[in-house]
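# Architecture at a glance
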Amino acid sequence: MVGLGTNLIHGDDSLSRVPDVVQPINVSTTYRYDDDPDKLRIAAERGDEIIGVPYYSRLSHPNSEKVEQLLQEAVFGNDKHVIIYNSGLSAFFAALTFLNPKVLAIGKGYHGCHGIANIFTRLTHLKQISLEDDFNQLSKGDVIHLETPVNPEGTAFDINYFANEAHKRGAYLIVDATFAPPPLQDPFLHGADIVMHSATKYFGGHSDLLAGALITKNLNWKEKLVSDRLLLGTNIANLESFFLLRSLRTYELRILKQSSNAENLVKYLFENINQYKILSNIYHSSLQNEQFVKDQLTGGHSPTFSILLTDEKLARILPSKLKYFHHATSLGGVESLIEWRAMSDTEISTKLLRVSVGIENIADLINDFHQALKSLENIETV
Ligand SMILES: Cc1ncc(COP(=O)(O)O)c(C=O)c1O
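Quick caveat: nothing in here was measured; it's all calculated off a predicted structure.

Cut-offs and rules
Residues numbered from 1 in each chain as written. Predicted model: local features only at pLDDT ≥ 70, side-chain atom pairs only at ≥ 80, totals over all residues. Heavy atoms only, no water. Core = buried A, V, L, I, M, F, W, Y, C linked by side-chain atoms within 4.5 Å. Buried < 20%, exposed > 50% of the residue type's maximum accessible area, 1.4 Å probe, protein only. Domains from an automatic or database assignment. Contact = heavy atoms within 4.5 Å. Pairing = 2+ DSSP bridges. Helix = DSSP H or I, 4+ residues; strand = E, 2+ residues; numbered from the N terminus. Axes fitted to C-alpha atoms, helices over the stretch in contact; angles between N-to-C directions. UniProt positions renumbered as here; feature names shortened; annotations may be inferred. Phe/Tyr/Trp six-rings, centres within 6.5 Å; stacked < 30°, edge-to-face > 60°.

Judged by nonpolar contacts, the single largest core of 50 residues is most densely connected at Leu71, Ile144, Leu173, Phe203 and Leu244. Inspection of this core shows a minimum of three residues originating in each of domain 1 (4-248) and domain 2 (251-375). Other than its neighbours up to four places away in sequence, phenylalanine 203 contacts Leu71, Val75, Phe76, Pro181, Pro182, His197, Leu244, Ser247, Leu248, Tyr251 and Arg254. In this structure, Val266, Ile278, Ile282 and Leu376 belong to the second largest nonpolar core, which totals 29 residues.

Quick look at the structure:
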């Protein structure tokens, strides 16, 4: 079997249309039909054969095809089908549009996904329940949406448990696995029906593109999702898919380094928490002891975690004291970020900071946190 790193470089070679080693930026929105008149078919006869041959970029284009093939071949496996979108939220919107549940059980997690669910409630009277509610309210065709590891904490939930709860009622399980893409975890092994990713994060990895992906084992679902995507206009753009292809070449190196950096930084902070007067808690799956966490995160923990400080004022100031963590939203890039999360999430504690760990030298990241936490110890809080 070919290794991930090799596959990420060569898994899309068969789709190369030119000899260029680097896939060219491809800006055409339209593609010439076959020169041979005998091969031309009217739309009604072409039927659902809309996957594969690019003819209009809202449907697909050479670089979006390459991204899908590469993610399928190298990252998710050829028993899966990948549908790429122009953002993570477009992917979630597409999944809900396609499954069209009457009841959606949705847990904590990215506030934007709750925003999308609220649009469905407005348009279709979708009933929303939480993951703690009675799942007997779910019936055939309904959906449980689970984010694991969850944003912003980076703690994990038991996928098998939620898959069973969904399946015994004929409902489906969507797992938003943005925080721990393969090879860190594979939600399909634990019963997910659809896996979604904000590819803006680790797959993109350079904070310079927006993209999303849905992954399913069901080819028929892929065909329907691609038909919907054509009408919704949510295919990934030309330039973004060029950048995403570039990013995927180094994906294995980045995700493994980011994951081990995060685990080391969390370990350091956890073991030294008594040394830092202003640090009151650390959240991350590497600090969880449940067996399912070990079973799920077999390839490593999420490169994103959260800390809780003793006071809101300190949480506001800490980012400005760090040298190697930009104060910015988002996650997954090679550069470390920290965010006073209350600036973008109305539901979150004002003492919480989310940390996205990059690929910098781990000793530098630890030293940076040490000096920043120490520098705030004598700040007055009321
Ligand atoms: C867990 C999770 N899901 C989905 C999204 C949405 O992705 P995008 O910003 O690519 O639309 C985000 C964005 O932060 C996220 O963290």
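Before going further, it helps to examine the sheet that holds strand β12 (residues 352-356). Taking strand neighbours across the sheet as the criterion, the 5 strands line up as β8-β9-β12-β11-β10 in an open arrangement whose pairing is mixed. Two strands lie at the open edges of the sheet, namely β8 (279-283) and β10 (326-327), each paired on one side alone. Bridging between strand β11 (residues 337-340) and β12 involves 4 bridges; their strand directions are antiparallel. Looking at the pairing, glutamate 339 lines up with arginine 354 of β12. Packing of helix α11 (residues 312-321) onto the sheet brings it into contact with β9 (304-309), β10, β11 and β12, and relative to β11 it is tilted by some 150°.

The positions that UniProt labels "modified residue: N6-(pyridoxal phosphate)lysine" (unreviewed entry) are, in the present scheme, Lys201. By the secondary structure assignment, lysine 201 is in the loop between β6 (194-198) and β7 (212-216).

Most of β6 is tucked away, with 5 of its 5 residues classed as buried. Residues Ile194, Met196 and Ser198 point to one face of β6 and Val195 and His197 to the other, with burial holding for every one of them. Sheet topology places strand β5 (residues 172-176) next to β6; 3 bridges connect them, and they run parallel. Each bridged residue has a counterpart across the sheet, and for isoleucine 174 the counterpart in β6 is isoleucine 194.

Now for the sheet that holds strand β1 (residues 81-85). Read from one edge of the open sheet, 7 strands run β1-β7-β6-β5-β4-β2-β3, paired in mixed fashion. Both edges of this open sheet fall to β1 and β3 (127-129), since each of them pairs with a single strand only. Adjacent strand axes in the sheet meet at a mean angle of 20° when their direction is disregarded. Here β1 runs beside β7; their pairing, made up of 5 bridges, is antiparallel. Following the sheet pairing, isoleucine 83 is matched in β7 by leucine 214.

As a further point, take the packing of aromatic side chains. Tallied over the entire structure, the rule returns 11 aromatic pairs. Measuring from ring centre to ring centre gives 5.4 Å for phenylalanine 98 and tryptophan 221, while their planes differ by 70°; the resulting arrangement is edge-to-face. Separated by 123 residues along the polypeptide, phenylalanine 98 in helix α4 (residues 88-99) and tryptophan 221 in helix α7 (residues 219-232) bring together distant segments of the chain. For phenylalanine 98, a relative accessible area of 19% gives the class buried. Given a relative accessible area of 12%, tryptophan 221 falls into the buried group.

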